[in-house]
Amino acid sequence: QVQLVESGGGLVQPGGSLRLSCAASGSIFSINAMGWYRQAPGKQRELVATLPSGGSTNYADSVKGRFTISRDNAKNTVYLQMNSLKPEDTAVYYCNAILQIGVGPGPNYQYWGQGTQVTVSS
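Position labels on residues start from 1 in each chain and follow its written sequence. Local features in this predicted model are restricted to residues of pLDDT 70 or higher, and side-chain atom pairs are both shown and tallied only at a pLDDT of 80 or more, whereas totals for entire chains, interfaces and linings draw on every residue. No hydrogens and no water enter the side-chain calculation; it runs on all heavy atoms of the structure.

Peer 1: If you had to explain the overall build of the protein chain to someone new, which residues and values would you point to?
Peer 2: For helices the rule is a DSSP run of H or I covering at least 4 residues; for strands it is a run of E covering at least 2, with both sets numbered from the N terminus onward. Helix and strand content of the protein chain: 0 helices and 11 strands. Starting at the N terminus and walking to the C terminus, you meet the elements of the protein chain as β-β-β-β-β-β-β-β-β-β-β. Using C-alpha atoms as the atom set, the radius of gyration is obtained and then compared with a globule rule of 2.2 Å times the number of residues to the power 0.38. Against the compact-globule benchmark of 14 Å for 122 residues, the protein chain has a radius of gyration of 14 Å, which places it among compact chains. When its C-alpha atoms are laid out on the principal axes, the protein chain stretches across 50 × 25 × 25 Å.

Peer 1: Let's hear about the nonpolar core: which residues, and what values?
Peer 2: Nonpolar core, defined: a set of buried Ala, Val, Leu, Ile, Met, Phe, Trp, Tyr and Cys residues in which side-chain atoms within 4.5 Å join the residues together. Burial classes: relative accessible area under 20% of the type maximum marks a residue as buried, over 50% as exposed, and values in between as partly exposed (1.4 Å probe, protein chains only). Formed by 30 residues in total, the largest nonpolar core has its most connected members in M34, W36, V48, F67, L80, M82 and Y93. The set of elements that each furnish at least two residues to this core consists of β1 (2–7), β3 (18–26), β4 (28–39), β5 (46–52), β7 (67–72), β8 (77–82), β9 (91–101) and β11 (116–120). Among the elements that take part in this core, β9 stands out by supplying 5 residues, more than any other.

Peer 1: Outline the packing of aromatic side chains, supporting the account with residue identities and numerical values.
Peer 2: Side-chain rings of Phe, Tyr and Trp (the six-membered ring for Trp) are treated as a pair once their centres are within 6.5 Å; stacked means planes under 30 degrees apart, edge-to-face means over 60, and tilted covers the remaining angles. Going through the model one piece at a time under the given rule, you end up with 1 aromatic pair. Here, over-ring charges are defined by two tests on the NZ atom of lysine or the CZ atom of arginine: distance to the ring centre within 6 Å, and angle to the ring normal within 35 degrees. Sitting above the plane of the Y94 ring, R45 keeps its charged end 3.8 Å from the centroid. In this arrangement the basic side chain of R45 is found over the ring face of W112, its NZ or CZ atom lying 4.7 Å from the centre.

Peer 1: So what's going on with the side chain of R71? Residues and values would help.
Peer 2: Positionally, R71 belongs in strand β7. Counted as positive: Lys and Arg. Counted as negative: Asp and Glu. His and the chain ends are not counted at all. One side-chain nitrogen of Lys or Arg within 4 Å of one carboxyl oxygen of Asp or Glu is enough to make a salt bridge. Lacking a salt bridge, the buried R71 has D72 as its closest oppositely charged neighbour, with an N-O distance of 8.6 Å. Throughout this description, a polar contact denotes any pair of N or O atoms lying within 3.5 Å of each other; where both atoms belong to protein, one of them has to be capable of donating a hydrogen while the other can accept it, and for residues adjacent in sequence the pair is counted only when both atoms sit in side chains. Among the polar contacts made by the side chain of R71, one reaches the main-chain carbonyl oxygen of L51 at a distance of 3.1 Å. Within the structure, R71 has its side chain in polar contact with the side chain of S53 (distance 2.8 Å).

Peer 1: Before we move on, could you go through the sheet that holds β3 and cite the residues and values that matter?
Peer 2: Between any two strands, pairing holds if DSSP finds at least two bridges. Strands sit in the order β1-β3-β8-β7 across an open sheet of 4 strands; the sheet is antiparallel. Every interior strand has two partners, whereas the edge strands, β1 and β7, have only one. Neighbour-to-neighbour, the strand axes of this sheet turn through a mean angle of 15°, independent of strand direction. Where β3 and β8 come together, 6 bridges link them in antiparallel fashion. Bridge pairing links S21 to Y79 in β8. For helices, the fitted line uses only the C-alpha atoms of the stretch in contact; every axis is such a line through C-alpha atoms, and the angle between N-to-C directions lies from 0 to 180 degrees.

Peer 1: How would you sum up the pattern of salt bridges? Please name residues and give values.
Peer 2: Going through the model one piece at a time under the given rule, you end up with 4 salt bridges. Residue R38 pairs with D89 through a salt bridge whose shortest N-O separation is 3.0 Å. Placement of R38 in strand β4 and of D89 in the loop between β8 and β9 is noted, with a sequence separation of 51 residues between them. Accessibility classification places R38 together with D89 in one group, the buried group.

Peer 1: Any chance you could break down unusual backbone geometry for me, citing the residues and the numbers?
Peer 2: Look at N76: it is not a glycine, yet its phi comes out positive at around 50°. Tracing the chain through its elements places N76 in the loop between β7 and β8. Look at N76 and you get partly exposed, because its relative accessible area is 26%. Although it is not a glycine, S84 sits at a positive phi angle of roughly 50°. Within the fold, S84 resides in the loop between β8 and β9.

Right, dumping it as structure tokens:
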């Protein structure tokens, strides 16, 4: 059993900051990538940032220069530092991981967190 547990969402004023955390736990052999997606009401889920293991970060143009994704590989945890938040950042943020389970190499599986609400409002 693998689960992704997210935390750090909440209500913040425009220009404020939040840090989201997502910890993966369970029988994990390796994590190939972790990232963050978001979905605003009435819109499709969109990529925010991804960080492949051993690779380069990827950011949506709308968050470049404001958001930073990072990982603590020892803890199987990914973070999203969000600065200079705008009302249009309001959405449910979902953690995503692509990983292999068990004690050895195998197929890659995609897992999603339950989502955490981020609301940017005065």
